[in-house]
Amino acid sequence: MLVPPSLVLQLWAGYPLLNLNGMLSNNFKVHYNLDLTGTNWIPLQTFCNLLTSPYLFLDPASSGQPARFYRVWMQ
């Protein structure tokens with residue numbers, strides 16, 4: 001049974017802390033975009049053979065941007 005991945009976003013010390021929930025041993029790509037009307041999703045991080053779920057990681061490059069939207073894809 002396939003379970004779709006999910007991302008939960010919270011702030012930690014002013015930075016986005018992303019919580020990736022996904023099926024173990026699968027590959028995932030996390031992308032971001034600066035607005036939801038655009039189609040130019042930019043790769044943020046790739047996870048090969050996910051070993052723990054949930055997996056927490058920061059997006060330190062987002063500092064100073066007015067908005068940033070995230071999505072996750074299972075490969």
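Please refer to the structure higher up on the page.
This section reports on the structure supplied with the text.

### Things to note about the overall build of the chain
Regarding its fold elements, the chain presents 0 helices and 6 strands. From first element to last, N terminus to C terminus, the chain shows the α and β order β-β-β-β-β-β. Computed over its C-alpha atoms, the radius of gyration of the chain comes to 12 Å, within 12% of the 11 Å expected for a compact globule of 75 residues. Per-residue burial for the chain yields a buried fraction of 27% across its 75 residues. For the chain, contacts bridging at least 24 residues in sequence account for 56% of all contacts bridging at least 6. With the model as given, the accessible surface of the chain reaches about 5,000 Å², and the carbon-plus-sulfur share is 60%.

### Some remarks on the nonpolar core
Counting residues in each nonpolar core, the largest one holds 10 residues, listed as L18, L20, F28, V30, Y32, F47, L50, F57, Y70 and V72. Those elements that place two or more of their residues in this core are β2 (15-21), β3 (28-33) and β6 (69-74). Element by element, the count of residues in this core is highest for β3, at 3 residues.

### What about the environment of G64?
Its location among the elements puts G64 in the loop between β5 (55-58) and β6. A relative accessible area of 79% places G64 in the exposed class. Between the C-alpha atom of G64 and that of N33, which follows or precedes it by 31 residues, the distance is 14 Å.

### Quick word on the side chain of R68
Residue placement: R68 occurs in the loop between β5 and β6. Of note is the side chain of R68, whose polar atom sits 3.4 Å from the side chain of Y32. The residues touching R68, leaving out its near neighbours within four places in the chain, are Y32, N33, L44, D59, A61 and S62.

### Here's the deal with the packing of aromatic side chains
In this structure the tally under the stated criterion is 3 aromatic pairs. Taking 5.0 Å as the distance between ring centres and 65° as the angle between the ring planes, the aromatic pair formed by F47 and Y55 counts as edge-to-face. On the basis of relative accessible area, F47 is assigned to the buried category, the value being 7%. With centroids separated by 6.3 Å and ring planes inclined at 35°, the aromatic side chains of Y55 and F57 adopt a geometry described as tilted.

Cut-offs applied
Residues numbered from 1 in each chain as written. Predicted model: local features only at pLDDT ≥ 70, side-chain atom pairs only at ≥ 80, totals over all residues. Heavy atoms only, no water. Helix = DSSP H or I, 4+ residues; strand = E, 2+ residues; numbered from the N terminus. Rg over C-alpha atoms; globule rule 2.2 N^0.38 Å. Buried < 20%, exposed > 50% of the residue type's maximum accessible area, 1.4 Å probe, protein only. Contact = heavy atoms within 4.5 Å. Areas by Shrake-Rupley, 256 points an atom, 1.4 Å probe, with all protein chains shown as cover. Core = buried A, V, L, I, M, F, W, Y, C linked by side-chain atoms within 4.5 Å. Polar contact = N/O pair within 3.5 Å; in protein donor to acceptor, adjacent residues only side chain to side chain. Phe/Tyr/Trp six-rings, centres within 6.5 Å; stacked < 30°, edge-to-face > 60°.

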